Every structure is written in C-alpha cells, then in structure tokens.
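Letter by letter, the chains look like this.
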Amino acid sequence: AQSVTQLGSHVSVSEGALVLLRCNYSSSVPPYLFWYVQYPNQGLQLLLKYTSAATLVKGINGFEAEFKKSETSFHLTKPSAHMSDAAEYFCAVSDQAGGFKTIFGAGTRLFVKA
Amino acid sequence: DTGVSQNPRHKITKRGQNVTFRCDPISEHNRLYWYRQTLGQGPEFLTYFQNEAQLEKSRLLSDRFSAERPKGSFSTLEIQRTEQGDSAMYLCASSPTGVNTEAFFGQGTRLTVV
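It should be emphasised that the depicted structure is a prediction, and the values quoted were computed from it without experimental measurement. (Residues numbered from 1 in each chain as written. Chains lettered and ligands numbered in written order. Predicted model: local features only at pLDDT ≥ 70, side-chain atom pairs only at ≥ 80, totals over all residues. Heavy atoms only, no water.)

### As for the sheet that holds strand E3 (residues 19-24) of chain B
All names here are of chain B. Selection rule: Only when DSSP finds a minimum of two bridges between them are two strands counted as paired. Secondary structure elements follow DSSP: runs of H or I no shorter than four residues count as helices, runs of E no shorter than two count as strands, and numbering proceeds from the N terminus. Helix axes use the C-alpha atoms of the stretch in contact, all axes being lines fitted to C-alpha atoms, and the angles between their N-to-C directions lie in the range 0 to 180 degrees.
Strand order in the open sheet formed by four strands is E1-E3-E8-E7, and the pairing between neighbours is antiparallel. The open sheet has two edge strands, strand E1 (5-7) and strand E7 (65-68), and neither has a second partner. Pairwise comparison of adjacent strand axes, ignoring direction, gives a mean angle of 15° for this sheet. Relative to strand E8 (residues 75-79), E3 runs antiparallel, the two being bridged by five bridges.

Printed below as a string of structure tokens:
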C-alpha cells in the first residue's frame, strides 16, 4: 500500500526566509506525488504534482518540489516566504491500484512570522 | 464556476438525526471521491465512484454512512443517527479517467453534531 509521511506537524519561518516542508513516501510502483495547500475552512488546492517527468517540479505561488527516488522523498520548498503562505500543506500520493484515490499525509502547518 | 460544488457548506445537527450532503463534480469527471477530515489531520478516504458504480468503501465508513451517485453525475453522502464523533469536514473530489491526473476538491461541508 502506498503512503506518505510528513515530517513536522508545524513549521515556523520568518517572512523572506526559505520554506522547507518534508515529505517521504512509500510505494511499490513509480509514484504520482502531489502537494496540496489548504487555507482555513477551505478545500484543498493543488500546488504541484510529480508524474514521472522532470524530477524538479515547479508549482504555483513560487513553490517547487524535487522527487528523489533514492531517498523516497518529495520535499516542498520556496526560496522566500510570504505572509500569505501561512496555511496547512499536505503531501499526497496517488493510489494507482486503488482507483487512483489520493492518500494524504497528516499535514504540516506553516507559520510565517513578520 | 466549473469547480466541484458541495452543499451545504455548514451543517449543525442534533445527535441522532440524519444528514445528507451533496457533491456536484466537474462535469466531465468520471471519478468521484469522498473524504473526511478532522481537525489537525489530513483527509481520510471514505469512498470512491467510477461513474455510478461505487468501487471502494473504506473501513472508516460504518453502516450508518451511505453514498450514492445514481446517474454518474452528482453524489450524496448520508449519515444516519449522527454521533458527536461524526463532526468533521466532509470533502468531495473528482478527477477524470486516466493515470496522469489529480483530484479537484470542493470547499467541503463542515458538520457539527451537538
């Protein structure tokens, strides 16, 4: 079964600092991986996805993630945090054997300090 | 707006009452998913439809929960004899058929059982 683990339930950075949110996956097949963002009382919005093309994936709002097969990781980064980045971030994997349903990690809440 | 639509956005009900939520997916999407999200957690998969066929149900989905997608378009999720533990955000998502796709999420229905 596929799964993801997000390291750190809370991350706090200063405005303008590097954002690094960690995600490790487990999959017996080449994975499809995603990062979603969720603002309070809202649904989930796709930030970016990895689908076996380029290992460095660029998404919206200046975020990017790098797929590293040897480390089974898909960490999310942004060079310079903005106050509007404060939200909950979810790493996810597509369950290809199970109707392509999305399996989510527990989430990382990002705080951005002024 | 052609996104995934969920109604109602909020529902407060007394314990023991039945509630029904509706999800209208993106019109050309064959797959429809229901998730439950509790505070501070990632979304947990509940059930999945391919057109009108319900292909998978999570063990999280007790006998009090039932979902339908009668014409392969909109879907309903009913909870009978609600319990306080059912209080959560219920998210609906849809995706097109194919392997290189992501799920598109609605805004969710927040259920509070008092």
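Moving on, there is more to tell.
### Points about the pairing of strand E2 (residues 10-14) of chain A
Residues and elements named next belong to chain A. The following threshold applies: When a residue's accessible area, from a 1.4 Å probe over protein chains only, is under 20% of the maximum for its type it is buried; when over 50% it is exposed; and in between it is partly exposed.
Here E2 shows a clear split, with Val11 and Val13 buried on one side and none of His10, Ser12 and Ser14 buried on the other. Strand direction decides the pairing type here: E2 and strand E11 (residues 108-113), joined by five bridges, are parallel. Bridge pairing links His10 to Arg109 in E11.

### Some thoughts on the nonpolar core
For clarity, the cut-off: Only buried residues count toward a nonpolar core, which is a set of Ala, Val, Leu, Ile, Met, Phe, Trp, Tyr and Cys residues joined through side-chain atoms within 4.5 Å. Pairs of residues are marked as contacts when any of their non-hydrogen atoms sit within 4.5 Å.
Counting 26 residues, the largest nonpolar core has A:Trp35, A:Leu48, A:Phe74, A:Leu76 and A:Tyr89 as its most contacted members. When contributions to this core are tallied by element, the ones reaching two or more residues are E2, strand E3 (19-26), strand E4 (33-38), strand E5 (44-50), strand E7 (64-68), strand E8 (73-78), strand E9 (87-95) and E11 of chain A. Contact partners of A:Leu76, with chain neighbours within four places excluded, come to A:Val19, A:Leu20, A:Leu21, A:Trp35, A:Leu47, A:Leu48, A:Phe63, A:Glu64, A:Ala65 and A:Tyr89. Judged by nonpolar contacts, the second largest core, of 19 residues, contains B:Leu46, B:Phe65, B:Tyr90 and B:Cys92.

### A look at the state of the cysteines
We count it as follows: Note that a disulfide, as used here, is simply two cysteine sulfur atoms within 2.5 Å.
On inspection of all chains with the given rule, the structure shows two disulfides over all chains. Two residues, A:Cys23 and A:Cys91, share a disulfide whose sulfurs are 1.9 Å apart. Here the S-S torsion is close to -65°, and the disulfide linking A:Cys23 with A:Cys91 is therefore left-handed. In this pair, A:Cys23 is assigned in strand E3 and A:Cys91 in strand E9, connecting sequence segments 68 residues apart. Like A:Cys23, the residue A:Cys91 is buried in the burial classification. Two residues share a disulfide in this structure: B:Cys23 and B:Cys92, whose sulfurs sit 1.9 Å from each other. Across the S-S bond of B:Cys23 and B:Cys92 the torsion is about -70°, and the bridge reads as left-handed. With a gap of 69 residues between them, B:Cys23 in strand E3 and B:Cys92 in strand E9 (residues 88-95) connect regions that are remote in the sequence. Judged by relative accessible area, which is 0%, B:Cys23 ranks as buried.

### A closer look at the interface of chain A and chain B
Just so we agree on the cut-off: Summed over both partners, the accessible area lost on bringing two parts together, with a 1.4 Å probe, is the buried area. The salt bridge criterion pairs a side-chain nitrogen of Lys or Arg with a carboxyl oxygen of Asp or Glu, the two atoms within 4 Å. Definition of a polar contact: a pair of N or O atoms within 3.5 Å, with one able to donate and the other able to accept a hydrogen when the atoms are protein atoms, and with sequence-neighbouring residues admitted only if both atoms are side-chain atoms. Think of it as three bins: nonpolar holds Ala, Val, Leu, Ile, Met, Phe, Trp, Tyr, Cys and Pro, charged holds Asp, Glu, Lys and Arg, and polar takes everything else, Gly as well.
With 20 residues of chain A at the interface, the matching set in chain B holds 24 residues. Here chain A and chain B share an interface that buries about 1,800 Å² over both sides, 50% of which is from carbon and sulfur atoms. Looking at the side of chain A facing chain B, the largest losses of area belong to A:Asn41, A:Phe100 and A:Lys101, adding up to 26% of the total buried there. Counting across the chain A and chain B interface gives two salt bridges. A salt bridge links A:Lys49 to B:Glu102; the nearest nitrogen and oxygen atoms lie 2.6 Å apart. Viewed at the interface, chain B and chain A are joined by nine residue pairs in polar contact (both at pLDDT 80 or more). Elements with a minimum of two residues in the side of chain A that touches chain B: E4, E5 and strand E10 (101-104) of chain A. Along the lines of polarity and charge, the residues of the side of chain A that touches chain B split into nine nonpolar, nine polar and two charged.

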